[in-house]
Amino acid sequence: MSDAELALRSTRVITPEGTRAATVTVSAGTITAVLPYDAEVPAGARVEDVGDHVLLPGLIDTHVHVNDPGRTEWEGFWTATRAAAAGGITTLIDMPLNSLPPTTTVEHLRIKRDVARDKAHIDVGFWGGALPDNVKDLRPLHEAGVFGFKAFLSPSGVDEFPHLDQERLAVSLAEIAGFDGLLIVHAEDPHHLAAAPQHGGPRYADFLASRPRDAEDTAIAALIAQARRLDARVHVLHLSSGDALPLIRAARAEGVRLTVETCPHYLTLTAEEVPDGASEFKCCPPIREAANQDLLWEALADGTIDCVVTDHSPSTADLKTADFATAWGGISGLQLSLSAVWTQARRRGHTLEDVVTWMSARTAALAGLDGRKGAIAPGRDADFAVLAPDETFTVDPAGLQHRNRVTAYAGRTLHGVVKSTWLRGRRVFADGEFTPPQGTLLDRPR
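Everything quoted here is computed from the prediction, not taken from an experiment.

A.B. asks: Mind showing me how you'd approach the overall build of the protein here?
C.D. replies: Within the protein, the secondary structure is distributed over 12 helices and 18 strands. Scaling as 2.2 N^0.38, a compact globule of 446 residues should have a C-alpha radius of gyration of about 22 Å, and the protein matches this with 21 Å. C-alpha extents for the protein along the principal axes are approximately 70 × 45 × 45 Å. Long-range contacts, defined here as pairs at least 24 residues apart, represent 74% of the contacts in the protein between residues at least 6 apart. By element, 50% of the accessible surface of the protein is carried by carbon and sulfur atoms, the whole surface being about 15500 Å².

Written as structure tokens, this is what we have:
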């Protein structure tokens with residue numbers, strides 16, 4: 001065995017083979033071995049014993065709106081990556097919109113990378129964007145290292161990132177399939193949205209009616225049809241409609257290359273509990289009813305839904321008006337996602353191993369990083385979170401690292417306190433304190 005610089009020891013280490021007492025050795029930022037708990041530590045290695053706290057692989061969040069550059073008053077790489085580190089996330093992949101410029105050309109990608117480089121407390125990668133007029137830019141962006149391409153099938157909410165109609169979706173998807181890239185899709189059908197009642201105002205019930213489940217279901221069915229025809233890889237973003245699950249199951253059974261994510265807010269919050277005027281709960285697609293939430297949990301359990309990601313989409317507080325029609329739609333969740341999901345998962349009989357599967361192993365696979373991240377195993381990056389799973393805390397917005405501390409979780413008591421976060425064998429967060437930025441900018445694995 002090669003010389004180790006660090007040995008992390010815990011009575012509960014989550015590995016691909018299960019949870020066990022172990023000593024994990026690290027050299028040059030890489031896990032070198034997972035040894036028995038009482039194994040002799042290699043000479044010269046620094047020992048960090050975290051006792052009965054759980055050592056788990058750092059989480060990988062593949063759906064984050066950092067908004068930097070251009071809308072840095074909403075968020076930024078410095079604050080977003082600090083919040084992520086405080087929540088046990090060691091890798092995030094930034095969405096191409098809500099920044100100015102959006103990541104839709106190689107030059108725009110360069111601008112974003114230059115902004116992020118010295119501000120990243122964790123590792124950061126980038127999605128590209130698929131717009132009606134940038135088909136020529138898709139292959140160059142792929143070759144420049146983006147992890148895939150984001151598209152909207154309905155208006156995105158920002159003018160500089162228009163959506164794809166079905167004709168332009170077909171053209172973009174054919175181009176992306178030509179180099180076996182990945183298209184990730186906000187799937188709501190614009191015609192169903194336009195036909196839904198649009199009352200506006202503070203009542204959450206009215207907002208929920210304006211974003212019906214059939215808008216998601218119809219858009220997902222159309223996406224599946226295009227993916228089937230082209231044998232393309234597609235991923236459904238932030239699934240909220242349980243009614244779409246039979247379509248998804250049938251498509252996967254016939255071999256359509258389809259993956260699906262959902263988000264902590266869909267799994268932990270319900271429409272019935274959203275107060276009128278409380279637009280910190282607004283997102284698109286919306287938080288739906290408790291019975292619908294049960295369907296999402298069932299789909300996670302049986303593997304129909306692959307993974308859980310935040311869709312962290314912050315804004316300034318003034319944009320969260322009491323009118324659900326005009327308020328910015330997005331929920332900030334980076335720092336709280338692990339604890340929120342674990343709180344609900346344990347109530348439903350799931351294990352912390354399940355949460356790691358949904359929020360680390362499968363997100364690593366989605367991004368093609370599963371040869372490098374997403375597990376505590378030899379050869380993987382030494383990215384870890386140390387969690388006290390039975391400790392609780394009450395969410396105080398003042399304690400969040402997000403630039404704008406508006407949160408739908410305010411006042412909630414959550415299980416699971418992140419004690420420290422490690423990036424390639426270096427502790428980057430512990431007990432509320434951060435090191436200077438040590439993150440790396442990631443390219444899609446070749």
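A.B. asks: Which parts of the structure should I look at to understand the pairing of strand S1 (residues 6-15)?
C.D. replies: The two faces of the sheet receive side chains in turn, since in a regular strand these alternate between them. Among the 10 residues that make up S1, eight are buried, leaving the element largely enclosed by the rest of the structure. Sheet topology places S1 next to strand S2 (residues 18-27); eight bridges connect them, and they run antiparallel. Bridge pairing in S2 links Arg9 to Thr23. Connecting S1 to the antiparallel partner S2 that follows it, the hairpin turn spans two residues. Of the strand pairs in this sheet, S1 and strand S5 (residues 54-57) are connected by two bridges, and their pairing is parallel. Within S5, the residue paired with Arg12 across the bridge is Val54.

A.B. asks: Whenever I open this one, the sheet that holds strand S6 (residues 59-64) confuses me. Can you help?
C.D. replies: For sheets, the rule is that strands pair by backbone hydrogen bonds, running either parallel or antiparallel. If you walk across this open sheet you meet the three strands as S6-S7-S8, and the pairing is parallel. Two strands bound the open sheet, and with one partner strand each, they are S6 and strand S8 (123-126). Put simply, the sheet's adjacent strands are angled 20° from each other on average, direction ignored. With four bridges joining them, S6 and strand S7 (residues 89-94) adopt parallel strand pairing. In the sheet register, Val64 faces S7, and the bridge partner there is Asp94. Relative to S7, helix H1 (residues 77-86) is tilted by about 140°, and along the sheet it contacts S7 and S8.

A.B. asks: What is the right way to read the state of the cysteines from this model?
C.D. replies: One way to say it: the disulfide is the covalent bond shared by the sulfur atoms of two cysteines. Scanning all chains against the criterion turns up zero disulfides. There is no disulfide at Cys283, and the cysteine sulfur nearest it, in Cys284, is 6.8 Å away. In this structure Cys284 comes out as buried when scored by relative accessible area, which is 19%.

A.B. asks: Explain the sheet that holds strand S11 (residues 182-186) here, please?
C.D. replies: Spatially, S9-S10-S11-S12-S13-S14 is the arrangement adopted by the six strands of the open sheet, whose pairing is parallel. Each end of this open sheet is capped by a strand with a single partner; those strands are strand S9 (128-129) and strand S14 (307-308). Here S9 pairs with strand S10 (residues 149-152) via two bridges, running parallel. Following the sheet pairing, Gly129 is matched in S10 by Lys150.

A.B. asks: Would you explain the pairing of S2 in this entry?
C.D. replies: By the criterion of burial, S2 is predominantly enclosed, with seven of the 10 residues buried. Relative to strand S3 (residues 30-36), S2 is paired through six bridges, and the arrangement is antiparallel. For Val24, the partnering residue across the bridge sits in S3 and is Val34. Here S2 folds back onto S3, and the loop between the two strands holds two residues, one of which, Ala28, carries a positive phi near 50°.

A.B. asks: Explain the packing of aromatic side chains here, please?
C.D. replies: The geometry of an aromatic ring pair comes down to the distance between the two centres and the angle between the two planes. Across all of its chains, the model carries 10 aromatic pairs by this definition. Taken together, a centroid distance of 5.0 Å and an interplanar angle of 45° make the contact between Phe429 and Phe434 tilted. For the pair shown, Phe429 and Phe434 are each scored as buried. Every member of this aromatic cluster is reached through a ring pair, and the members are Tyr204, Phe207 and Phe324.

A.B. asks: Would you take a moment to explain unusual backbone geometry for this structure?
C.D. replies: In terms of backbone geometry, most residues other than glycine have negative phi values and most peptide bonds are trans. Between Asp68 and the following residue, Pro69, the backbone shows a cis peptide bond with an omega angle of 5°. In this fold, Pro69 is placed in the loop between S6 and H1. With an omega of -5°, the peptide bond between Cys284 and Pro285 qualifies as cis. Relative to the elements of secondary structure, Pro285 occurs in the loop between helix H9 (264-268) and helix H10 (290-302).

A.B. asks: Is there a simple way to think about helix H4 (residues 166-178) in this case?
C.D. replies: Turn by turn, an α-helix covers 3.6 residues, leaving residues three or four places apart pointing in a common direction. When the terminal C-alpha atoms of H4 are compared, their 18 Å separation across 13 residues agrees well with the 18 Å that a helix rising 1.5 Å per residue should span. If you check which residues of H4 are buried, you get Leu169, Ala170, Ser172, Leu173 and Ile176. If you follow the buried residues of H4, they end up packed against helix H3 (135-144), S10, S11, helix H7 (213-230) and strand S12 (233-236). For H4, the capping residue at the N-terminal end is Asp165, with a side-chain oxygen 3.2 Å from the backbone nitrogen of Glu167. Taken from the residues just after H4, Asp180 is the one with a positive phi, measuring 55°.

Cut-off values and rules
Residues numbered from 1 in each chain as written. Predicted model: local features only at pLDDT ≥ 70, side-chain atom pairs only at ≥ 80, totals over all residues. Heavy atoms only, no water. Helix = DSSP H or I, 4+ residues; strand = E, 2+ residues; numbered from the N terminus. Rg over C-alpha atoms; globule rule 2.2 N^0.38 Å. Contact = heavy atoms within 4.5 Å. Areas by Shrake-Rupley, 256 points an atom, 1.4 Å probe, with all protein chains shown as cover. Buried < 20%, exposed > 50% of the residue type's maximum accessible area, 1.4 Å probe, protein only. Pairing = 2+ DSSP bridges. Axes fitted to C-alpha atoms, helices over the stretch in contact; angles between N-to-C directions. Disulfide = S-S within 2.5 Å. Phe/Tyr/Trp six-rings, centres within 6.5 Å; stacked < 30°, edge-to-face > 60°. Expected span 1.5 Å × (residues − 1). Polar contact = N/O pair within 3.5 Å; in protein donor to acceptor, adjacent residues only side chain to side chain.

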